[in-house]
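If you want the building blocks of each chain, they are given just below.
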Amino acid sequence: MKPYFSFSTLSHRIRNSRILSGALLLTTAGMISRVIGFFYRIFLSRSFGAENIGIYQLISPVIALSYSLSVAGFQTAISRITATTSATERRLERSGASGKSAASAESFRSYTVLAAGMLLSLFLSVCISCFVYLHSEEIAVRFLLEKRCAPLLRILALTFPASSIHSCVNGYFYGKKSAGFPAFSQLFEQLIRVGTVLFLCSAFFAENAGGTPDISLAVTGMVTGEIFSSVLSLLYIWHSFKKELGRPSGDAFPASGKAFSIAALFPELFAMAVPLSAGRVIQNFLQSVESIAIPDRLRIFGLDTAAALSEYGILNGMSLPFILFPTALTGSIAVMLLPAVSEAQALRQDHTIARAVHRSVRYCLLLGFFCLGFFLFFGPAFGKFVFHQEKAGSYLQILGFMCPFLYMNSTLSSILHGLGKTPQSFFYSVASLLVRLAFVFLCIPVFGMKGYLWALLASQLLLSALHLFSLRRYLRM
């Protein structure tokens, strides 16, 4: 009698499942990247101090809003259209010689979709970069409420065009269920970023022993990593294009592929990307209001500016990265689920979708409860011995309670996007953010940072309930 589980069975399933193999690649790269990032965070906290980390975290809303406007919708649109095109391509390849010719045209269409999406995203990102660079002072003072963010924003503006190229290329490969290059580029970008900051800080300490380097060095590392990864993405997609079409240059294409002009795809991409981008912009705007309001509400609670920024830096720069560490796994699965669910829906395979929903709920909850126990018992030790901040440890204990819901929500949200239920996912996210904002404005002035920790837990509970309600049809199957 064969055992129910064996490593040979597991390896066979992984090899034959693009979702599993892709998620495994992304998870491995993500875990390595998170480990590097973990030590990088320790280095940043000790080199720059909690207040500077708080200032560095304040530019996150600008990054999120810019990404939402120029990249997020197009990356998802490219992934979904490529997944549908790939399903058609494989079906045509099995239908004989004439089918193979049509499949070649579909393959060419995937590259045309990528080119069209990248051009649109790049145009928007350049416009945003110019705006952020020219209006950095106004954004820092009036939006972020911290004038010391202005020089960071001018450096940050250089990263948006590079990020759009990198993200669109990754979206194409996610649609193809090919996670090898996205996994490698993620690790490559992280190594370049960390290496740049270490080099710049080493040069600073060599001339200013015992001094504190400017936090702009960390932003410079971010920009350098994105630029290098975008160049790598362009080189790899060009190599992949020539290899798949089997031609030495891009001048000659299959005759049936000529119908797929880049301009003709703009309406389709816009129709899919604009609602996604609009939803992301509204979500990130609310998150930006939240991020900017937290230090301000902490000042009302009774902290001075330096202490408020330090508290914010401890939470976002030290505690939350620990909580988000396992999302290297859940995020990788979510990325691979979106095109897989889109393809299953196109082929009317409801049981495949139901299986994805059941497994997402089961395994994400299992991972979440394990992490809850871990942070409850070892959170204080981590805060004290890793970051030399006892508050970081107490925050970890409270944040641990949201782990099961946080990890499950990332995969269920991706499934909703794959099913084309983007409006529902958007409204659910907005509802959860409004709950968080209510806690920020009402509870932080009374209870301090603990009020925000309760806000995070309440919002994740609400989001989980809404996701499960929306997918109840598949949960019953």
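This report concerns the structure included in the present document.

The rules behind the values
Residues numbered from 1 in each chain as written. Predicted model: local features only at pLDDT ≥ 70, side-chain atom pairs only at ≥ 80, totals over all residues. Heavy atoms only, no water. Helix = DSSP H or I, 4+ residues; strand = E, 2+ residues; numbered from the N terminus. Expected span 1.5 Å × (residues − 1). Buried < 20%, exposed > 50% of the residue type's maximum accessible area, 1.4 Å probe, protein only. Patch = residues over 30% accessible without salt bridge, like charges linked within 9 Å, V, L, I, M, F, W, Y side chains within 5 Å. Areas by Shrake-Rupley, 256 points an atom, 1.4 Å probe, with all protein chains shown as cover. Salt bridge = Lys/Arg side-chain N within 4 Å of Asp/Glu carboxyl O. 1 Å grid on protein atoms, 1.4 Å probe; cavity = no way out; pocket = protein on both sides within 12 Å on 5 of 7 lines; lining within 4 Å. Points joined across faces, edges and corners; volume = space filled by probe spheres on them. Nonpolar A, V, L, I, M, F, W, Y, C, P; charged D, E, K, R; others polar. Contact = heavy atoms within 4.5 Å. Phe/Tyr/Trp six-rings, centres within 6.5 Å; stacked < 30°, edge-to-face > 60°. Lys NZ or Arg CZ within 6 Å of the ring centre and 35° of its normal.

1. Quick word on helix α9 (residues 180-207)
Now for step 1: Here α9 spans 41 Å end to end across 28 residues, near enough to the 40 Å set by a 1.5 Å rise per residue.
Now for step 2: Regarding α9, the residues found buried are Phe-181, Pro-182, Ala-183, Ser-185, Leu-187, Glu-189, Gln-190, Arg-193, Val-194, Thr-196, Val-197 and Cys-201.

2. Here's the deal with a nonpolar patch on the surface
Now for step 1: Judged by side-chain polarity, Phe-370, Phe-374, Leu-376, Phe-377, Phe-378 and Phe-401 come together as a nonpolar surface patch covering roughly 650 Å² of accessible area.
Now for step 2: Structurally, Leu-376 can be placed in helix α14 (residues 350-385).
Now for step 3: A residue is classified by how much of its surface remains accessible, and Leu-376, at 33% relative accessible area, is partly exposed.

3. A word on empty space enclosed by the protein
Now for step 1: Taken as a whole and assessed by the stated rule, the structure comprises two cavities of 30 Å³ or more.
Now for step 2: What the second largest cavity holds in volume is close to 70 Å³.
Now for step 3: Lining of the second largest cavity is provided by Leu-58, Leu-144, Leu-145, Glu-146, Ile-292, Pro-295, Arg-299, Thr-305 and Leu-309.
Now for step 4: Looking at the lining of the second largest cavity, the elements with two or more residues in it are α11 (262-301) and α12 (305-324).
Now for step 5: Of the residues in the lining of the second largest cavity, the class split is six nonpolar, one polar and two charged.

4. Structural notes on the side chain of Ser-425
Now for step 1: With respect to the helices and strands, Ser-425 occurs in helix α17 (residues 422-447).
Now for step 2: When near neighbours in sequence (up to four residues on either side) are disregarded, Ser-425 contacts Ser-413, Leu-416 and His-417.

5. Remarks on the environment of Phe-181
Now for step 1: Looking at the secondary structure, you find Phe-181 in helix α9.
Now for step 2: Phe-181 gets classed as buried once you look at its relative accessible area, which sits at 5%.
Now for step 3: Phe-181 sits 11 residues away from Asn-170 along the chain, and the two C-alpha atoms are 7.6 Å apart.
Now for step 4: Once residues within four sequence positions are removed from consideration, Phe-181 is found in contact with Val-169, Asn-170, Phe-173, Leu-232, Ser-233 and Tyr-236.

6. Regarding the packing of aromatic side chains
Now for step 1: Summed over all chains, the structure comprises 10 aromatic pairs.
Now for step 2: Between Phe-204 and Phe-205 the ring centres are 5.6 Å apart and the planes differ by 75 degrees, which places this aromatic pair in the edge-to-face class.
Now for step 3: Residue Phe-204 is classed as partly exposed on the basis of its relative accessible area of 23%.
Now for step 4: A connected cluster of aromatic rings, assembled from ring pairs, spans Tyr-172, Phe-173, Phe-181 and Tyr-236.
Now for step 5: The aromatic ring of Tyr-363 is capped on one face by Arg-362, whose charged end is 5.7 Å from the ring centroid.
Now for step 6: In this structure, Arg-472 packs its charged tip against the face of Phe-469, placed 4.1 Å from the ring centre.

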